[in-house]
Amino acid sequence: MIIQILINSLINGLLLALVALGFHIIFSATKIFHIAHGGIFVAGVYFFLWANPFVGLAYGIILTIVFAFLLGVIIEWLVYKPLFNKSGSENIALISSLGVYVIIINIIALLFGNETKILDNSIRKSLTLGEIIITKPQLWQFSFSLPLIALFLMFIKVTRYGLKIRAISDNPLLARVMGINTQRIRYIVFGIGSVMSVSAALLKGFDTGIDPYSGMAITLSAAVVVIIGGTDSLYGTIFASIMLAIIQNFTEFFLSAQWRDTVTFTILILVMLWRTEGILQFRLRVDEK
Amino acid sequence: MNYVINILIILQIYIILALSLNLKTGFTGLLSLCQAAFYGTGAYLTSILMVDIGLNFFTALFFAIIINITLNASITTWSAGRLRNLYFTLGTIALQIVFFGVIYNWQALTRGPFGIPGIPKPELAGLIFNTPLKFFILTLFFTASAILFFYWFAKTPLCKLLECTRDDEVWLTVLGKRPAYYKFVSISITVVFATIAGALYATFTSYIDPTSFTLDESILVLTIILVGGTGNIMGPVSGALIYVLLPEALRFVNMPDSIAANARMIIYALILIFIVRLKPNGLFGKFEIRG
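Residues numbered from 1 in each chain as written. Chains lettered and ligands numbered in written order. Predicted model: local features only at pLDDT ≥ 70, side-chain atom pairs only at ≥ 80, totals over all residues. Heavy atoms only, no water.

Undergrad: Looking at this model, I keep getting lost on the packing of helix H2 (residues 36-55) of chain A against helix H4 (residues 90-112) of chain A. Mind explaining?
TA: The geometry of a pair of packed helices is captured by two quantities: the angle between their axes and the separation between those axes. All names here are of chain A. Where H2 contacts H4, the two axes come as close as 8 Å, and the packing angle between them is 25°. Relative to H4, the element H2 lies roughly parallel. Handedness of the H2/H4 crossing: left-handed. Each of Ala36, Gly38, Gly39, Ile40, Val42, Ala43, Tyr46 and Trp50 in H2 lies in contact with H4, whose residues at this interface are Ser97, Val100, Tyr101, Ile104, Ile105, Ile108 and Phe112. Per-class residue counts for the contact of H2 with H4 are 12 nonpolar, 3 polar and no charged. (Axes fitted to C-alpha atoms, helices over the stretch in contact; angles between N-to-C directions. Helix = DSSP H or I, 4+ residues; strand = E, 2+ residues; numbered from the N terminus. Parallel < 35°, antiparallel > 145°, perpendicular 65-115°, else oblique. Left-handed = near helix turned anticlockwise from the far one by under 90°. Contact = heavy atoms within 4.5 Å. Nonpolar A, V, L, I, M, F, W, Y, C, P; charged D, E, K, R; others polar.)

Undergrad: How should I be thinking about H2 of chain A in this particular structure?
TA: Turn by turn, an α-helix covers 3.6 residues, leaving residues three or four places apart pointing in a common direction. All names here are of chain A. With 20 residues, H2 extends 27 Å from end C-alpha to end C-alpha; this agrees with the ideal 28 Å at 1.5 Å per step. Of all the bends in H2, the largest measures some 25° and sits at Leu49, one to four residues before the proline Pro53. Summarising burial for H2: 14 of the 20 residues are buried, a large majority. Just beyond H2, the residue with positive phi is Gly56, at close to 90°. (Expected span 1.5 Å × (residues − 1). Bend = angle between axes of the 7 residues up to and from the residue. Buried < 20%, exposed > 50% of the residue type's maximum accessible area, 1.4 Å probe, protein only.)

Undergrad: Can you help me understand a nonpolar patch on the surface in this one?
TA: Residue and element names in this part refer to chain A. Together, Trp50, Phe54, Val55, Tyr59, Ile62, Leu63, Val66, Phe69, Leu70, Ile74, Trp77 and Leu78 line one region of the surface with nonpolar side chains, adding up to about 1,200 Å² of accessible area. Residue assignment for the nonpolar patch shows that the elements contributing at least two residues are H2 and helix H3 (57-85). Among the elements that make up the nonpolar patch, the one with the highest residue count is H3 (9 residues). Note that Phe54 resides in helix H2. (Patch = residues over 30% accessible without salt bridge, like charges linked within 9 Å, V, L, I, M, F, W, Y side chains within 5 Å. Areas by Shrake-Rupley, 256 points an atom, 1.4 Å probe, with all protein chains shown as cover. Salt bridge = Lys/Arg side-chain N within 4 Å of Asp/Glu carboxyl O.)

Undergrad: Can you help me understand the interface of chain B and chain A in this one?
TA: Note on interface size: it is often stated as the accessible area lost on association of the parts. At the junction of the two partners, chain B supplies 39 residues and chain A supplies 44 residues. Together, the buried faces of chain B and chain A total about 3,800 Å²; carbon and sulfur atoms form 76% of this surface. The largest contributions to the chain B side of the interface with chain A come from Leu86, Tyr87 and Arg277 of chain B, which together make up 18% of the buried area. One can count 0 salt bridges joining chain B with chain A. When contributions to the side of chain B that touches chain A are tallied by element, the ones reaching two or more residues are helix H3 (57-82), helix H4 (85-105), helix H10 (215-228) and helix H12 (257-278) of chain B. When residues of the side of chain B that touches chain A are assigned to their parent elements, the largest contribution, 15 residues, is made by H4 of chain B. Its residues assigned to classes, the side of chain B that touches chain A shows 27 nonpolar, 8 polar and 4 charged. (Buried area = accessible area lost by both parts, 1.4 Å probe.)

Undergrad: Quick question: what am I supposed to make of the side chain of Thr143 of chain B here?
TA: Here Thr143 of chain B lies in helix H6 (residues 132-153). Discounting residues that sit within four places of it in the chain, Thr143 of chain B has contacts with Gln12, Ile15 and Ile16 of chain B.

Undergrad: Which parts of the structure should I look at to understand the pattern of salt bridges?
TA: Any two side chains of opposite charge can pair, so long as their charged atoms come close to each other. This structure, assessed with the given rule, holds 6 salt bridges over all chains. For Glu252 of chain A, the salt bridge goes to Arg260 of chain A, with nearest N and O atoms at 3.2 Å. Of the residues examined, Glu252 of chain A reaches a relative accessible area of 29% and is grouped as partly exposed. A salt bridge links Asp167 of chain B to Arg166 of chain B; its shortest N-O distance comes to 2.9 Å. The exposure class assigned to Asp167 of chain B is partly exposed, which follows from its relative accessible area of 45%.

Undergrad: Explain the nonpolar core to me, please; I cannot follow it from the model alone.
TA: Considering soluble globular proteins, one finds that nonpolar side chains tend to be buried as a cluster. By size, the foremost hydrophobic cluster in this structure holds 175 residues, and its most contacted members are Phe33 of chain A together with Leu200, Ile208 and Phe213 of chain B. For Phe213 of chain B, the contacting residues outside a window of four places in its chain are Ala36, Tyr39, Gly40, Ala43, Tyr44, Gln96, Phe99, Phe100, Ile103, Tyr201 and Ile208 of chain B. (Core = buried A, V, L, I, M, F, W, Y, C linked by side-chain atoms within 4.5 Å.)

The following block contains the structure:
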């Protein structure tokens, strides 16, 4: 039973890591606490639901990815860019982000209704290895999220754009002085981050389904993971995602599903008060900037 | 007539909530999303003291305020001492969600998702505030005292020190003052008025359940003061007016019920985004929300 929970947690943790990595690059490159990330998460699945009957599965997924990229870019263009140009504070960006989230969620609820939607209703086969049961959606989730995470890490660590993103995260002003087009990098960061979030949403949508309000919980979990793992360390985020998923699953198994968020945020408060810089990071964050 | 009085009572509860959050966010500069936790703790404590122990409304309110300060104000002050800006805001979100989890799950005390029914109406020296009109007079008393209090408080030297905490904490330390103390004062006063609002809400509706005190509620109260403007009295009051009267106005446009709630949220969010973009200090605000 314990092994079963651990395997489920690993798969949930990888999905959470996808969302959290997207949140992470947006947060580290632009210092925006992007709550609308959860809105994009949900919007992607609903776009797929709408597009799927017209174009089929494969094109549906490709179109959804393009849609996610564009949605991220559009939010940056319409909402954050003007604030950035007026050099608004982090808190103003947070509030605008809340506004964007509320708008996206309510537009979706207006168009599609408030009930849970599942992308795939068919009876699903599962794989049995001794006592352990792995369902088919879980297999997909595992085999898609691992390469996606690897690709993302390669993009950040190896390519030239990744280098520019890291430069902006480190010092935006200096990066600008060195001739990097900061605005274009910000667009790319928002696009890539949204794509990561939506791919996790699609993988989740095939398994447990999604409703318009499920975005907030996962964004907050992602934010918790980014803070716990340390805002400078991508590996910390992945590690913390899997740890958090393990803790959440054990809470659900031994206590009840309702305690999950409470436990998550208690951990966040404890980590913030005890190791303000995150568990895998070694710099003081309190008076950063 | 009762319809108008009910709206006015709800309006006054939101005015008290917005004024109290205004002290913390507008004057002291602690942008926080846990107002619904303060408000909910107040509502739950008053209801539990009244229903389970059988205290009078005013006694219950008194004890609720004291317990609420020891619980919430101390935790919030502690995290305000350790965390800055965005991280403090995140800490308040965490507090809000932990609070919701606790009232939802601690069924022995709060009856969880079933809520607390049958909360008695307030009673003072034989006079029971059981009709809407009488209750309206009670809320009017509290709202008027809140407005007068904050009007007076904004002129005291203590309030200038709170503003100094917001503007330059290091400078305050240089003057030999302790920022943590002023943050505690500010948060405690916020908690006191949030508790009053919660107690009024609980006795007005005579039934409370956890869904009235979610993160969304905190976001709404923050929206109210950001739209109205922070740092003075006019801002929160006008924000609450817009927030409470707008849905009633939409009711007369004959919008179908199925889309009214969502359309309302979209309108609020659009107002919020435009206010933040075009007039960062709100309609009547003196100060910008800053980082």
